[in-house]
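As a plain string of letters, each chain reads:
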Amino acid sequence: QLKIPNEENLTICMVAARHETYQRSSNMTVILVPGMFNTASMSIFVDLACRIYYQWGANVVVANMRGHGDTGRISQDIPCSLTLREGKDIVEIGRYLKREWGADQSIVLLGMSLGGTCALSAVLEDSKQHGNSLLFDACAMISSPMD
């Protein structure tokens with residue numbers, strides 16, 4: 001379990017699995033971004049995280065976004081913003097991973113439903129700050145509501 005504070009006094013809670021042994025290490029991390037009313041502890045995300053970790057050999061982080069799971073319990077006064085601020089939260093997760101797990105980490109975002117829109121929002125937020133996305137190497141969205 002990882003907890004990252006951000007500038008709004010929101011604590012972003014995540015479940016993470018990292019390959020750290022000599023025989024098996026990985027420079028790729030997949031951040032799973034659940035959709036509305038979904039949490040990191042739901043079986044669909046646990047199953048997908050296990051598959052990514054064991055079969056693909058990648059590190060995996062499943063984020064509980066604003067108003068959801070442990071993030072919602074710890075930071076009750078900061079509700080879900082329906083993608084208005086979640087992109088910045090995901091950028092904070094990316095920065096944390098680069099700082100703590102190594103700058104050589106390739107970070108892939110995989111968002112489901114509204115989480116897909118949040119993932120794309122993170123890429124756009126990072127691009128605004130740097131002219132292009134420096135944190136994220138790829139972004140995939142599954143069943144994401146987009147205009």
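This text gives an overview of the structure that appears in the document. (Residues numbered from 1 in each chain as written. Predicted model: local features only at pLDDT ≥ 70, side-chain atom pairs only at ≥ 80, totals over all residues. Heavy atoms only, no water.)

## Quick word on helix α3 (residues 86-101)
Phase 1: Here α3 contains 16 residues, and its C-alpha end-to-end distance of 22 Å stays within 8% of the 22 Å for a straight helix at 1.5 Å per residue.
Phase 2: Following α3 by one or two positions, G102 adopts a phi angle in the positive range, close to 120 degrees. (Helix = DSSP H or I, 4+ residues; strand = E, 2+ residues; numbered from the N terminus. Expected span 1.5 Å × (residues − 1).)

## Some thoughts on the pattern of salt bridges
Phase 1: Under the definition given, this model contains 3 salt bridges.
Phase 2: Of the charged contacts, one joins E125 and K128 as a salt bridge, the two residues approaching to 3.5 Å between their closest N and O atoms. One end of the pair, E125, and the other, K128, are both in helix α4 (residues 114-130), 3 residues apart, so they sit about a helical turn from each other. (Salt bridge = Lys/Arg side-chain N within 4 Å of Asp/Glu carboxyl O.)

## Some thoughts on the environment of E8
Phase 1: Locating E8 in the fold gives a position in the loop between β1 (2-5) and β2 (11-17).
Phase 2: Since its relative accessible area comes to 27%, E8 is described here as partly exposed.
Phase 3: Counting along the chain gives 70 residues from E8 to I78, while the straight-line C-alpha distance between them is 8.7 Å.
Phase 4: Residue contacts for E8: discarding those within four places in its chain leaves R66, I78 and R85. (Buried < 20%, exposed > 50% of the residue type's maximum accessible area, 1.4 Å probe, protein only. Contact = heavy atoms within 4.5 Å.)

## A closer look at the sheet that holds β1
Phase 1: In spatial order, the strands read β1-β2-β4-β3-β5-β6; together these 6 strands make up an open sheet with mixed pairing. Sheet topology places β1 and β6 (136-142) at the edges, where each strand pairs with a single neighbour. For this sheet, the mean inter-axis angle between neighbouring strands, taken without regard to orientation, is 25 degrees.
Phase 2: Note that strand β3 (residues 28-33) and strand β5 (residues 106-112) share 6 bridges and pair parallel. Within β5, the residue paired with M28 across the bridge is S106.
Phase 3: Against the sheet, helix α1 (residues 43-56) contacts β2, β3, β4 (59-64) and β5, and its axis sits at roughly 160 degrees relative to β4.
Phase 4: Its contacts with the sheet put α3 on β1, β2, β3, β4, β5 and β6, and the angle it makes with β2 is roughly 50 degrees. (Pairing = 2+ DSSP bridges. Axes fitted to C-alpha atoms, helices over the stretch in contact; angles between N-to-C directions.)

## Structural notes on the packing of aromatic side chains
Here the distance between the centres and the angle between the planes together describe a pair of aromatic rings.
Phase 1: Taken as a whole and assessed by the stated rule, the structure comprises 1 aromatic pair.
Phase 2: Ring centres of Y53 and Y54 lie 4.9 Å apart, and the angle between their planes is 90 degrees; this geometry places the pair in the edge-to-face category.
Phase 3: The exposure class of Y53 is buried, given its relative accessible area of 17%.
Phase 4: We classify Y54 as exposed; its relative accessible area is 57%. (Phe/Tyr/Trp six-rings, centres within 6.5 Å; stacked < 30°, edge-to-face > 60°.)

## Topic: the nonpolar core
Phase 1: Core analysis: the biggest nonpolar cluster contains 25 residues, and M14, I31, I90, I93, L97, L109 and F136 have the highest contact counts within it.
Phase 2: Broken down by secondary-structure element, the contributors of at least two residues to this core are β1, β2, β3, β4, α3, β5 and α4.
Phase 3: Element by element, the count of residues in this core is highest for α3, at 6 residues.
Phase 4: With residues up to four places along the chain from it excluded, the contact list for M14 reads Q1, L2, I4, V61, V62, A63 and I93. (Core = buried A, V, L, I, M, F, W, Y, C linked by side-chain atoms within 4.5 Å.)

## Describing the packing of α3 against α4
Phase 1: One can describe the packing of α3 onto α4 by two numbers: an axis separation of 7 Å at closest approach and a directional angle of 70 degrees. Here α4 runs roughly perpendicular to α3, going by the angle between their axes. Taking contact as the criterion, the partners of E86, G87, K88, I90, V91 and R95 in α3 are, on α4, C118, A119, S121, A122, E125, D126 and Q129.
Phase 2: Looking at the contact of α3 with α4 residue by residue, the class counts come to 5 nonpolar, 3 polar and 5 charged. (Parallel < 35°, antiparallel > 145°, perpendicular 65-115°, else oblique. Nonpolar A, V, L, I, M, F, W, Y, C, P; charged D, E, K, R; others polar.)

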